[in-house]
Amino acid sequence: MSKIVVVGGGAAGLELVTRLGRRFSRRGEHEVVLVEPASHHYWKPRLHEIAAGTFDNELDAVSYLQHSYCNQYRYVQASMADLNRENKSIEIRNSDGQLSTLHYDYLVIAVGAVSNDFKTEGVSEHCLFLDSADQAQQAWEQINPLLKADGQRHISIVGAGATGVELAAELAKVSQKLKRYRHDADLKITLVEASDRVLPAGPACMSQKVLNSLVQHGVDVKTNTRVNRAEKGKLVTDQGDVLTADLQLWAAGIKCAPWLASLDGLETNRLNQLKVDSTLRTTLDDSIFVIGDSAECPQPDGGFVTPRAQAANQAAGHLARQLRRLLNGKSMMPFIFNDGGMVIAVGHNYAVGSLMNNKLIVRGRFVRNLYDTIFRLHQQILFGWGRVAALVVLKRVKASLNPFYKHNIS
Ligand SMILES: Cc1cc2nc3c(=O)[nH]c(=O)nc-3n(C[C@H](O)[C@H](O)[C@H](O)COP(=O)(O)OP(=O)(O)OC[C@H]3O[C@@H](n4cnc5c(N)ncnc54)[C@H](O)[C@@H]3O)c2cc1C
């Protein structure tokens, strides 16, 4: 009997333990353990909805405790702090700060990534981030009073990748809806991007469509604008311009937590991502695997797997199959990411997508349904289609009864 320890219960890690738990633990073949500090799982691409007050906590958050019980894996509420490869053990810290040791036969690291402030002065002190549900909740607690205030309030968002675009559009939509109830409510949103277009990692024609939609939503988009310094209520650009705001959010770039770079000699890149071979195994240790945003995984074309939810999900499915092969004494197959395209939500009812290797750009309400499908597919792995169907129906009913923006319309 082998013990498989998965660290991080996000888009990649939670799908992996679900598949492994159902497969191995029920039959008592192997033990599956999830190490995760949070009590609930939130689908990270929807954190901007928590920050904008439009997320449905009751329907869309997953309790690790309950999920682990139903899917036969062990959930340990703690964070990984260190690794001892010789002893095949990790050091974990619980919420009281107590350290303990957990042994493994196979270790999978899936701790994701966080925003990259590129060491820009003042950013960590004067900007909010959206890297976890807790941070998104903190952002919401500061955004909510701005939505309720009389007169115009101003939010600046730095970084026009998927996170920045989706957050700007969601906030603009909330502000528009609120204006219907209270005519003096007014939120001005500025989206600041260093490159010459929004979604710099996507195809140029998609960027143009997303830009048009943001402008229609009333978002002030400033491209070719690099932030050099953040101060209280101010962003200073490399041109010396000063952008003032009541609240500043940083959503530019990604990097992994620094502790990954000092993990018992494992190889990392400049973003602190752990280097793996094509089978998702770390380059220096055959019993340690990495999936999701924290892996630098090579691809046959010479590039690397992109840090996206879709890639995290595919890697989890692939590794679940390959661990079964490995435990049955077979060789492991390489992971090849199959890019199904990119879909960006621009507000609640509209999305822009690039499909078929960027040959087809689609937009509209039906594309927004496609965006939701990616989340539903994740839920399907976690719960099965029956519960997903029930959640979709419940959500529709609740949406027709409740206001769009969740709190404090008075
Ligand atoms: C607001 C936002 C919008 C996004 N929109 C999109 C989008 O539209 N499309 C898209 O493809 N991607 C999007 N992304 C990126 C996508 O969410 C990530 O690529 C994906 O979640 C990566 O999955 P992961 O499992 O590697 O990491 P995560 O989903 O981040 O999960 C990491 C888990 O590890 C846990 N963890 C962290 N440190 C430790 C530790 N020391 N010990 C134990 N556990 C730990 C965390 O609590 C978390 O549960 C978005 C991201 C954000 C923040």
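None of the values given here were measured: they were computed from a predicted structure.

Moving on, we get to the site of the ligand. With respect to spatial proximity, 29 residues lie near the ligand, and among them Ala 12, Glu 36, Met 80, Asp 293 and Ala 309 are the closest. Within the contact set of the ligand, an oxygen atom lies 3.1 Å away from a backbone nitrogen or oxygen of Ala 11. Here Ala 309 contributes a backbone N or O atom positioned 3.0 Å from an oxygen atom of the ligand. For the shell around the ligand, the elements supplying multiple residues, two or more each, are strand E6 (79-84), helix H7 (162-181) and helix H9 (309-327). Tallied by class, the residues present in the shell around the ligand amount to 17 nonpolar, seven polar and five charged. Looking at which domains feed residues into the shell around the ligand, each of domain 1 (3-113 + 256-327) and domain 2 (116-253) gives three or more.

With that settled, the discussion passes to the sheet that holds strand E11 (residues 128-129). If you walk across this open sheet you meet the five strands as E11-E18-E12-E13-E14, and the pairing is parallel. Each edge of the sheet is formed by a strand with only one pairing partner; in this case those strands are E11 and strand E14 (220-222). Where strand E12 (residues 151-158) meets strand E13 (residues 185-192), eight bridges bridge the pair, whose relative direction is parallel. Residue pairing across strands places Val 158 opposite Val 192, the latter belonging to E13. The sheet contacts of helix H6 (residues 133-148) involve E11, E12, E13 and strand E18 (247-250), and relative to E18 the element is tilted by about 150°.

Moving on, we get to the domain arrangement of the protein. Assigned domains within the protein: domain 1 (3-113 + 256-327) and domain 2 (116-253). Together, the buried faces of domain 1 and domain 2 total about 1,100 Å²; carbon and sulfur atoms form 70% of this surface. Taken together, domain 1 and domain 2 are joined by zero salt bridges. On inspection of domain 1 and its partner domain 2, the count reaches one residue pair in polar contact (both at pLDDT 80 or more). Looking at the side of domain 1 that touches domain 2, its residues break down into seven nonpolar, three polar and two charged.

On to the sheet that holds strand E21 (residues 281-282). Ordered by their spatial adjacency, six strands build an open sheet running E5-E2-E1-E9-E22-E21, and the pairing between neighbours is mixed. Because the sheet does not close on itself, it has two edges, and the strands there are strand E5 (74-76) and E21. Across four bridges, strand E1 (residues 3-7) lies against strand E9 (residues 106-109) in parallel orientation. Its bridge partner lying in E9, Ile 4 is registered against Tyr 106. Here H9 sits on the sheet and contacts E1, E9, E21 and strand E22 (285-290); the angle it forms with E9, its principal contact strand, is near 170°.

Definitions and limits used
- Residues numbered from 1 in each chain as written.
- Predicted model: local features only at pLDDT ≥ 70, side-chain atom pairs only at ≥ 80, totals over all residues.
- Heavy atoms only, no water.
- Near = heavy atom within 4 Å.
- Polar contact = N/O pair within 3.5 Å; in protein donor to acceptor, adjacent residues only side chain to side chain.
- Helix = DSSP H or I, 4+ residues; strand = E, 2+ residues; numbered from the N terminus.
- Nonpolar A, V, L, I, M, F, W, Y, C, P; charged D, E, K, R; others polar.
- Domains from an automatic or database assignment.
- Pairing = 2+ DSSP bridges.
- Contact = heavy atoms within 4.5 Å.
- Axes fitted to C-alpha atoms, helices over the stretch in contact; angles between N-to-C directions.
- Buried area = accessible area lost by both parts, 1.4 Å probe.
- Salt bridge = Lys/Arg side-chain N within 4 Å of Asp/Glu carboxyl O.

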